[in-house]
Amino acid sequence: GLMVAAGGGIGGGGILVPIYILVMGFSPKNAIPLANVTVFGGAVANTYLNSKKRHPLADRPMVDWDLIMIMEPLTIAGALIGAFLNKLLREEVLVVMLVLLLSFTAYSTLKKATKMYKIESIHIAKQKLKESELAAIRSEKDTEHESESEFHLLDNAEKMEEVEMDPELRMILEEERSAPIRNIKLLVMLFVAVLTVNVLKGGGAFESPLGIECGGIGFWIANFVMIVLILSLTLWVRNYLIDRFERKERSGYKYVEGDIKWNKQTTVLYPVICALAGFFAGMFGVGGGIVKGPLMLAMGVHPKVSSASSACMILFTSFTATSSFIVFGLLIHDYAVICLIIGFFATYSGQIALYYLMSKYERNSYIAFSIGGVVLLSAILMTVQSLVSMAEGNGNEPGGICGEG
């Protein structure tokens, strides 16, 4: 499961949790942290491999940090709110809603993957026909004519180099060639701040180290502080992206396939959708990658960029969750080390294998099939696990926001 999920960059937690519970016999309380640390190991491998790769159509990193900066904060906010609803709803209701969500997501993603596959097949056929026609034309030309053509090509290339590039466009292209360190630092600071507040406030089965009572005024103030921090960074990122969009419009910037134009509309629409994705992820207790991976494909992001960016986001979220599980004493350390290693090497080998196949057969649709397949398998396994749990009488009753359930 991890090797398949590696190509889509969506973690695979939806597969791991049911396996750890049904096959290995762990309780949900221990299975979820172990699945999370396995996903973290995979995210480390994915991010390491993707950090060396460049965008397939432009001179910039494969990971789209603008996309991450606008998606990730509100995904966290949605997850925080969704987690409260998870405490209040009956497990039967959650199972039905989860099956519907994952089934629809899997269907939409596999449908898009099939469409991409057909388009690629047409493109490959046309490319082969074009190459055969070019080969026939070249064979008819004599050496002198070829030399003359090459001379004209070189002459045209020199003239193109003489054309002065807009200074602002040159600056934008230069900025894009490397990862935005300042933005990454801001995102890391947000994660650290949210993690710190979340741990200090406690809740449910976990007492606050500061003595904050779950459901009390201090508890809700802490939650409010986290939401304010997230919204503040989101507003800053929105202004930053709109400013960059306007600069690109002024300088005649040329977008490539899969780029998103971050104007005043998209910087509101997509973050709201991401907040809903995080809300469902928090409500159902599934990783954000299983929702955000298909979402980015639906947004039209290039499959390779979608996979790399999703994997990077999972690195942040899985590290934060793992840290929380360690603080709360829910992680079985002996198994955690093994799971971390398995996650790393399974994902490492899985991504290398998938990218080899993509390169050999010239098909980016394999990433979309990987994402759709993992979501579908997650839907099946999580449904089976939930039904078995309820049949055995282990289903959780709604315990309220401060309950242990």
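Residues numbered from 1 in each chain as written. Predicted model: local features only at pLDDT ≥ 70, side-chain atom pairs only at ≥ 80, totals over all residues. Heavy atoms only, no water.

On a plain count of helices and strands, the chain comes out with 14 helices and zero strands. The proportion of buried residues among the 405 residues of the chain is 44%. Long-range contacts, defined here as pairs at least 24 residues apart, represent 81% of the contacts in the chain between residues at least 6 apart. Carbon together with sulfur atoms contributes 65% to the accessible area of the chain, which is approximately 21,000 Å² in total. (Helix = DSSP H or I, 4+ residues; strand = E, 2+ residues; numbered from the N terminus. Buried < 20%, exposed > 50% of the residue type's maximum accessible area, 1.4 Å probe, protein only. Contact = heavy atoms within 4.5 Å. Areas by Shrake-Rupley, 256 points an atom, 1.4 Å probe, with all protein chains shown as cover.)

What follows covers a nonpolar patch on the surface. Residues Ile19, Leu22, Val23, Met24, Leu376, Ile380 and Val384 make up a contiguous nonpolar surface patch of roughly 590 Å² in combined accessible area. Listed by contribution, the elements that provide at least two residues to the nonpolar patch are helix H2 (13-22) and helix H14 (365-391). In terms of residue count, the dominant contributor to the nonpolar patch is H14 (three residues). You can see Ile19 is positioned in helix H2. (Patch = residues over 30% accessible without salt bridge, like charges linked within 9 Å, V, L, I, M, F, W, Y side chains within 5 Å. Salt bridge = Lys/Arg side-chain N within 4 Å of Asp/Glu carboxyl O.)

A word on the nonpolar core. Of all hydrophobic cores here, the largest spans 60 residues; its most connected members are Trp65, Leu67, Met71, Leu187, Ile230, Trp262 and Met299. Broken down by element, the residue count for this core peaks at 10 residues, all from helix H4 (residues 65-88). Every residue in contact with Leu67, bar those within four places of it in the chain, is listed here: Ile260, Trp262, Met296, Met299, Val301 and Ser309. Counting residues in hydrophobic clusters, the runner-up holds 15 residues, among them Val37, Val39, Ala43 and Leu331. (Core = buried A, V, L, I, M, F, W, Y, C linked by side-chain atoms within 4.5 Å.)

For the rest of this paragraph, the subject is the side chain of Thr267. Counting through the fold element by element, Thr267 comes out in helix H10 (residues 266-284). Taking the relative accessible area as the measure of exposure, Thr267 reaches 3% and is therefore buried. A distance of 3.4 Å separates a polar atom in the side chain of Thr267 from the backbone oxygen of Lys264. In this structure, Thr267 is in contact with Ile70, Arg238, Leu241, Ile242 and Trp262, ignoring residues within four places of it in sequence. (Polar contact = N/O pair within 3.5 Å; in protein donor to acceptor, adjacent residues only side chain to side chain.)

A few words now on the side chain of Lys248. As for its placement among the helices and strands, Lys248 is situated in helix H9 (residues 217-251). Among the residues examined, Lys248 registers a relative accessible area of 10% and is labelled buried. Reaching out from Lys248, the side chain makes a polar contact with the side chain of Glu176 at a distance of 3.4 Å. If near-sequence neighbours (up to four positions away) are discounted, Lys248 is found in contact with Ile172, Glu176, Tyr253 and Tyr255.

Where H2 contacts helix H3 (residues 28-51), the two axes come as close as 9 Å, and the packing angle between them is 140 degrees. The orientation of H2 relative to H3 falls into the category oblique. Crossing angle aside, the handedness with which H2 passes H3 is right-handed. Residues Gly13, Leu16, Val17, Tyr20 and Ile21 of H2 touch H3, and the partners they reach there are Pro28, Ala31, Ile32, Leu34, Ala35, Thr38 and Val39. Its residues assigned to classes, the contact of H2 with H3 comprises 10 nonpolar, two polar and no charged. (Axes fitted to C-alpha atoms, helices over the stretch in contact; angles between N-to-C directions. Parallel < 35°, antiparallel > 145°, perpendicular 65-115°, else oblique. Left-handed = near helix turned anticlockwise from the far one by under 90°. Nonpolar A, V, L, I, M, F, W, Y, C, P; charged D, E, K, R; others polar.)

Confidence along the chain averages 81 in pLDDT terms, with 86% of residues attaining 70 or more. Taken element by element, the chain is modelled with least confidence in helix H6 (residues 143-162), mean pLDDT 45, and with most confidence in H9, mean pLDDT 92. Confidence drops under pLDDT 50 across residues 142-162; counting only partners more than four residues distant or on other chains, this segment forms two contacts. (pLDDT = per-residue confidence, 0-100.)

On to helix H13 (residues 333-361), then. Taking 1.5 Å as the rise per residue, H13 with 29 residues should run 42 Å; its terminal C-alpha atoms sit 42 Å apart, in good agreement. Within H13, the full set of buried residues consists of Ala336, Cys339, Gly343, Ala346, Thr347, Gly350, Gln351, Leu354, Tyr355 and Met358. Downstream of H13 by a residue or two, Glu362 has a phi angle that is positive, lying close to 55 degrees. (Expected span 1.5 Å × (residues − 1).)

All right, on to the packing of aromatic side chains then. How two aromatic rings sit relative to each other is set out by the distance from centre to centre and by the angle between their planes. A full pass over the atoms with the stated rule returns 12 aromatic pairs. Between the aromatic rings of Phe344 and Phe345, the centroid separation amounts to 5.2 Å while the plane-to-plane angle is 80 degrees, which identifies the pairing as edge-to-face. For Phe344, a relative accessible area of 25% translates into the label partly exposed. Its guanidinium or amino end placed over the ring of Tyr355, Lys53 lies 3.4 Å from that ring's centre, counting from NZ or CZ. One Lys or Arg, Lys248, reaches over the ring of Tyr253 and ends 4.5 Å from the middle of that ring. (Phe/Tyr/Trp six-rings, centres within 6.5 Å; stacked < 30°, edge-to-face > 60°. Lys NZ or Arg CZ within 6 Å of the ring centre and 35° of its normal.)

Despite not being glycine, Glu362 shows a phi value in the positive range, around 55 degrees. If you trace the backbone, Glu362 turns up in the loop between H13 and H14. What makes Glu362 exposed here is its relative accessible area of 53%.

A few words now on the pattern of salt bridges. For the structure shown, the criterion picks out 13 salt bridges. Between Asp59 and Arg54 there is a salt bridge, and its shortest N-O distance comes to 2.9 Å. Accessibility expressed as a relative area gives 44% for Asp59, which makes it partly exposed. Note that Glu176 and Lys248 form a salt bridge whose closest N and O atoms lie 3.4 Å from each other. You can see Glu176 sitting in helix H7 (residues 167-176) and its partner Lys248 sitting in helix H9, a full 72 residues away along the chain. Both residues of the pair, Glu176 and Lys248, count as buried.

When you line up the elements, Ser51 lands in helix H3. Linking Ser51 and Cys312, residues 261 residues apart in sequence, is a C-alpha distance of 9.4 Å.

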